[in-house]
Amino acid sequence: MTPTHIEHIGIAVRNLESAIGFYERILGLKCHKIEELPDQKVRAAFFRIDRITIELLEPVDNDGPVARFLEKKGEGMHHIAFAVDDLEKSLNEMGEKGIRLIDTVPRRGAGCMDIAFIHPESAGGVLVELCEKRNEK
Ligand code: ZN
């Protein structure tokens, strides 16, 4: 498997509105969507730059993955997501290579994507997400 591009970058923030301020007023990007993602217990703000989406992630719950990340590491880059053509196959290949997977089967992510996370332990300390557009199959 080889990713086709970087699909998005997730950034953990404590306060969505003030983080949006930096991206809009300082960088001049436009937030095109704010959406709650119950699955990840966050409220997310989306920005687009070229082909890449920036997702600002604010926890809505104290025991979600992003809330725990903030508690441990503070604000900062939370994960990087690579687009792949065949998510299921990619996961199987990685599993066979002994890569530690958080999701062994794809699950539904935001914006018509099937997603799966790879454990940072197997990915140089970075939480890696693989995603595949659902309607492309
Ligand atoms: Zn993501």
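Residues numbered from 1 in each chain as written. Predicted model: local features only at pLDDT ≥ 70, side-chain atom pairs only at ≥ 80, totals over all residues. Heavy atoms only, no water.

## Details of the coordination of the zinc ion
In step 1: Looking at the zinc ion, one finds its protein donor set to be His-8 (NE2), His-79 (NE2) and Glu-129 (OE), positioned 2.0 to 2.1 Å from the metal centre.
In step 2: Note on His-8: relative accessible area 4%, which makes it buried. (Donors = N, O, S within 2.8 Å, 3.2 Å for Na, K, Ca; no water. Buried < 20%, exposed > 50% of the residue type's maximum accessible area, 1.4 Å probe, protein only.)

## Here we look at a nonpolar patch on the surface
In step 1: A contiguous nonpolar patch, built from Phe-22, Ile-26 and Leu-27 and spanning about 310 Å² of accessible area, is present on the exposed surface.
In step 2: With respect to the element layout, Ile-26 can be found in helix α1 (residues 16-26). (Patch = residues over 30% accessible without salt bridge, like charges linked within 9 Å, V, L, I, M, F, W, Y side chains within 5 Å. Areas by Shrake-Rupley, 256 points an atom, 1.4 Å probe, with all protein chains shown as cover. Salt bridge = Lys/Arg side-chain N within 4 Å of Asp/Glu carboxyl O. Helix = DSSP H or I, 4+ residues; strand = E, 2+ residues; numbered from the N terminus.)

## Comments concerning the environment of Ile-11
In step 1: Inspection of the secondary structure puts Ile-11 in strand β1 (residues 5-12).
In step 2: A relative accessible area of 17% means that Ile-11 is categorised as buried.
In step 3: Setting aside residues up to four positions removed in sequence, Ile-11 forms contacts with Tyr-23, Ile-54, Glu-55, Leu-56, Leu-57, Gly-76, Met-77 and His-78. (Contact = heavy atoms within 4.5 Å.)

## Some words on the pattern of salt bridges
In step 1: The full count for this structure, using the stated rule, is ten salt bridges.
In step 2: Arg-43 is the salt-bridge partner of Glu-17, the closest N and O atoms lying 3.0 Å from each other. Residue Glu-17 is located in helix α1, and its partner Arg-43 is located in strand β3 (residues 42-49); the two are separated by 26 residues in the primary sequence.
In step 3: Among the charged side chains, a salt-bridge network with shared partners connects Glu-17, Arg-43 and Glu-58.

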